[in-house]
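# What the coordinates show
Here is what each chain is made of, one letter per residue.
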Amino acid sequence: MRAGEVVNIQVANGLDEETTVHWHGMHVPAKWDGGPHQVIAPGATWTPRFEVKQKAATFWYHSHLMGRTGAQVARGLAGLIIVDDEESADLGLPNEYGVDDIPLVVQDRRFARDGSFEYLTSMHDRMMGYKGDVILVNGTVGPYLEVARPRLRLRLLNGSNSRIYNFGFDDDRTFHVIGTDGSLLAAPVAARRLRLAPGERAEIVVELAAQSSVRLMSYPDAPRGGAPGMGMGGMMARMMRRMVGNDETFSILELRAGSFSRAVPPLPGRLTEVPRWQAAKAERTRRFELQMGMMGGMGGMGGMGGMMGRGRGGMGGMMGPGGGMMGMMGGPMRINGRAMDMDRIDVRVPLGAIEIWEIANPTPVSHPFHIHDIQFRILDRDGRPPRAIEAGLKDTVLVDPGETVRVIAEFGDYADPDNPYMYHCHILEHEDAGMMGQFVVTA
Ligand SMILES: [Cu+2]
């Protein structure tokens, strides 16, 4: 899509079940958002129409059917959207699709004996999120890319249901992050690792020597420290990663460079202007606390009690008697004490408001928080400014255990009292279990 154009889309449902198609990250009228209310019946065609009001970036679309998003996305109902604009076309960044501008949709899957995808077979999947032991990149197992240019732009989408990737190259080379979910960064930022949670996108630029080979990898996840007492740096952190399933190392994509001359110009020093809403201009701050229900014995409750106290109770309480982690995290997924209800509007935002949304995670696992309609900027994490690699526009932000993240955005253009937008955890099993809410923008 090109910024400024009007797109007419026909989504024909050829399935024998209901579905929806959500334009993740795109600023569109609520009735065309493709959330749980815009159900497409089997055999029906849905025809959204909207103006592309975005900066150049990488977006995606996926099923958002109430209670069935995880199952439908796992079966393949997801795809990529690239938005171009004139400003980005003039930067000299690699932009030849499939040649030096490469989309990488990264998803993990489990396979049944007959070769079909296997989805949700255990309570563990429901609590920790569905994870597979096979990585698919653009639907391909064990992929490689023959590279004919010395500089590549990789558009990474974490299209997985729940797995967090920690990308890097197998020779630990430096690459440049140039874009986040909804925009390019103000300037390229050098990095060796890039965490990407479900729903998030990033664009990176990597340079290769002729006749060389290097692998894009994903390494064990490394959550931030969080609140004091969480001890996420040590043994408990490793145990949590293992429990959640983000402790594995995967080969994502092998890059095989052919013959070419190595001369590449420097990357541009400035890429774009990222909107800077000032916190002092915000009309209000809303707080969203992500919650996982509890079951199991008193020991478990005591442990979670420590967690709910802003993480000060520490991991020791978590692992104490009471049936261990799994026993303690049964129960419903909620935000601010309430599980998703399609008949309840949780938040009303006045059209044009600039608001700060404060997202707190007192649970022992990381949650990617996604807001429909808008692109936001991360103001701070536990009071500290975000790292440069996440300082672009975002629509999904990973909130680690014990962490509180503040984001700021303007809710412009589209008011509709009848059609809500969603906000939710983008671990699809958490979303399907109720970690979601609804907001309307009112004129
Ligand atoms: Cu979650």
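Bear in mind that the values here come from a model prediction, so they are computed numbers and not experimental data.

Conventions adopted
Residues numbered from 1 in each chain as written. Predicted model: local features only at pLDDT ≥ 70, side-chain atom pairs only at ≥ 80, totals over all residues. Heavy atoms only, no water. Helix = DSSP H or I, 4+ residues; strand = E, 2+ residues; numbered from the N terminus. Buried < 20%, exposed > 50% of the residue type's maximum accessible area, 1.4 Å probe, protein only. Contact = heavy atoms within 4.5 Å. Areas by Shrake-Rupley, 256 points an atom, 1.4 Å probe, with all protein chains shown as cover. 1 Å grid on protein atoms, 1.4 Å probe; cavity = no way out; pocket = protein on both sides within 12 Å on 5 of 7 lines; lining within 4 Å. Points joined across faces, edges and corners; volume = space filled by probe spheres on them. Donors = N, O, S within 2.8 Å, 3.2 Å for Na, K, Ca; no water. Salt bridge = Lys/Arg side-chain N within 4 Å of Asp/Glu carboxyl O. Phe/Tyr/Trp six-rings, centres within 6.5 Å; stacked < 30°, edge-to-face > 60°. Lys NZ or Arg CZ within 6 Å of the ring centre and 35° of its normal. Pairing = 2+ DSSP bridges. Axes fitted to C-alpha atoms, helices over the stretch in contact; angles between N-to-C directions.

### Re the overall build of the chain
When you go through the chain residue by residue, the secondary structure sums to eight helices and 30 strands. Expressed as a percentage of its 443 residues, the buried residues of the chain come to 57%. Within the chain, residue pairs in contact and separated by at least 24 positions form 79% of the contacts whose partners lie at least 6 positions apart. Accessible area for the chain stands at about 17000 Å²; split by element, carbon and sulfur atoms hold 51% of it.

### Considering empty space enclosed by the protein
By the definition in use, this model includes four cavities of 30 Å³ or more. As a volume, the largest cavity reaches approximately 90 Å³. Lining the largest cavity are 11 residues, and of these D221, P223, R241, V244 and S366 sit closest to its centre.

### Some words on the coordination of the copper ion
For the copper ion, the full set of protein donor atoms is H367 (ND1), C425 (SG) and H430 (ND1), and the range of their distances to it is 2.0 to 2.1 Å. All donors to the copper ion come from one chain, and their sequence spacing reads H-x57-C-x4-H. Of this pair, H367 sits in strand β25 (residues 367-371) while H430 sits in helix α8 (residues 428-432), and the two are 63 residues apart along the sequence. You can call H367 buried: its relative accessible area is 0%.

### Considering the pattern of salt bridges
For the coordinates displayed, the defined rule picks out 37 salt bridges. One salt bridge in this structure joins K394 and D181, with 3.2 Å as the shortest N-O distance. Taken together, the positions of K394 in the loop between β26 (377-381) and β27 (396-399) and D181 in the loop between β15 (175-179) and β16 (184-191) put the pair 213 residues apart, joining distant regions of the chain. This pair shows no difference in class: K394 is buried, exactly as D181 is.

### A closer look at the packing of aromatic side chains
Any pair of aromatic rings gets described here by the distance separating the centres and the angle formed by the planes. What the rule picks out here adds up to 18 aromatic pairs. Members of the aromatic cluster, joined through ring pairs, are F288, W357, F369, F411, Y421, Y423 and F439. One Lys or Arg, R109, reaches over the ring of F117 and ends 5.2 Å from the middle of that ring. Directly above the ring of Y144 sits R256, whose terminal nitrogen or CZ lies 3.7 Å from the centroid.

### With respect to the environment of L77
Note that L77 resides in the loop between α1 (69-74) and β7 (78-83). On the basis of relative accessibility, which here comes to 34%, the residue L77 falls in the partly exposed class. L77 sits 58 residues away from T19 along the chain, and the two C-alpha atoms are 9.1 Å apart. Look past the residues within four positions of L77 in its chain and what remains in contact with it is L15, T19, Y61, H62, S63 and Q72.

### Observations concerning the sheet that holds strand β3 (residues 22-24)
Here three strands make up an open sheet; going across it, the order is β3-β6-β7 and the pairing antiparallel. Since the sheet does not close on itself, it has two edges, and those belong to β3 and β7, each with one partner. The mean inter-strand angle of the sheet, taken between neighbouring strand axes irrespective of direction, is 25 degrees. Pairing of β3 with strand β6 (residues 57-62) involves three bridges; the strand directions are antiparallel. Among the inter-strand pairings, H22 is bridged to a residue of β6, identified as H62.

That's the geometry; what it means functionally is another story.
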